[in-house]
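# Understanding the architecture of this molecule
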Amino acid sequence: MFGRNSNSRPEIDSLIGIAARIEGDLVFSGGLRIDGEVIGNVIAEPGPDHMLIVSEHARIEGAVSCGIVVVNGFIAGAVHATELLELQPKARIVGDVHY
């Protein structure tokens, strides 16, 4: 009854804040929300149970690879979503999209 539903989306357990800027590749597992800027690739560990949220304030300059990708910000690079790709109204992607 109160257990985790196996069909639900992964929980967001990491955040890159709006004032943060990361230079270099970022590898993560679980759920990640980006509100700031990443200059480098954003890659989830292999497996379908990972989720990336790119908020409307976020900017990524590099490739993105994750099971579930929700975009409402800017990505300049290739996007690979193995399970689900959701493009929200303010999403902008300059690069190839694979889903």
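Higher on the page you've got the structure.
All of these numbers come straight from a predicted model, not from anything done at the bench. (Residues numbered from 1 in each chain as written. Predicted model: local features only at pLDDT ≥ 70, side-chain atom pairs only at ≥ 80, totals over all residues. Heavy atoms only, no water.)

## What to know about the overall build of the protein chain
So the rule is basically this: Comment: elements are numbered from the N terminus, with helices defined as DSSP H or I runs of at least four residues and strands as E runs of at least two. With the radius of gyration taken over C-alpha atoms, the globule rule is written as 2.2 Å times the number of residues to the power 0.38.
Regarding its fold elements, the protein chain presents 0 helices and 13 strands. When the helices and strands of the protein chain are listed from N to C terminus, the series reads β-β-β-β-β-β-β-β-β-β-β-β-β. Compactness check: the protein chain gives a C-alpha radius of gyration of 13 Å against a globular reference of 13 Å for 99 residues, within 12% of the reference. Principal axes of the C-alpha set define a box for the protein chain whose edges measure 40 × 30 × 25 Å.

## Here we look at the side chain of Ser-55
Under the convention used in this document: Any residue under 20% of the maximum accessible area for its type is buried, any over 50% is exposed, and the rest in between are partly exposed; the area is computed with a 1.4 Å probe on protein chains only. Any two residues whose heavy atoms approach within 4.5 Å are treated as being in contact.
For Ser-55, the location among the structural elements is in the loop between strand S7 (51-54) and strand S8 (59-61). A relative accessible area of 5% places Ser-55 in the buried class. In this structure, Ser-55 is in contact with Arg-33, Ile-34, Asp-35, Asn-72 and Gly-73, ignoring residues within four places of it in sequence.

## Examining the sheet that holds strand S5 (residues 37-39)
Cut-off, in case you're wondering: When DSSP finds two or more bridges between two strands, those strands count as paired. Comment: axis = line fitted to C-alpha atoms, over the contacting stretch for helices; angle = value between 0 and 180 degrees taken between N-to-C directions.
Strand order in this open sheet of 5 strands is S2-S5-S8-S10-S12, and the pairing throughout is parallel. Sheet topology places strand S2 (21-23) and strand S12 (92-94) at the edges, where each strand pairs with a single neighbour. This sheet shows a mean twist of 5 degrees between the axes of neighbouring strands, independent of strand direction. Pairing analysis gives 3 bridges linking S5 to S8, with the strands arranged parallel.

## Focus: the environment of Ile-22
Of note, Ile-22 is situated in strand S2. Using a relative accessible area of 26% as the deciding quantity, one classes Ile-22 as partly exposed. Each C-alpha atom, one on Ile-22 and one on Leu-84, is 25 Å from the other, the two residues being 62 residues apart in sequence.

## Quick look at the environment of Ala-78
As for its placement among the helices and strands, Ala-78 is situated in the loop between strand S10 (74-76) and strand S11 (79-87). Measuring from C-alpha to C-alpha, the distance between Ala-78 and His-98 comes to 7.8 Å, with 20 residues separating the pair along the chain. Among all residues touching Ala-78, those that are not within four sequence positions of it are Gly-62, Ala-63, Val-64 and Asp-96.

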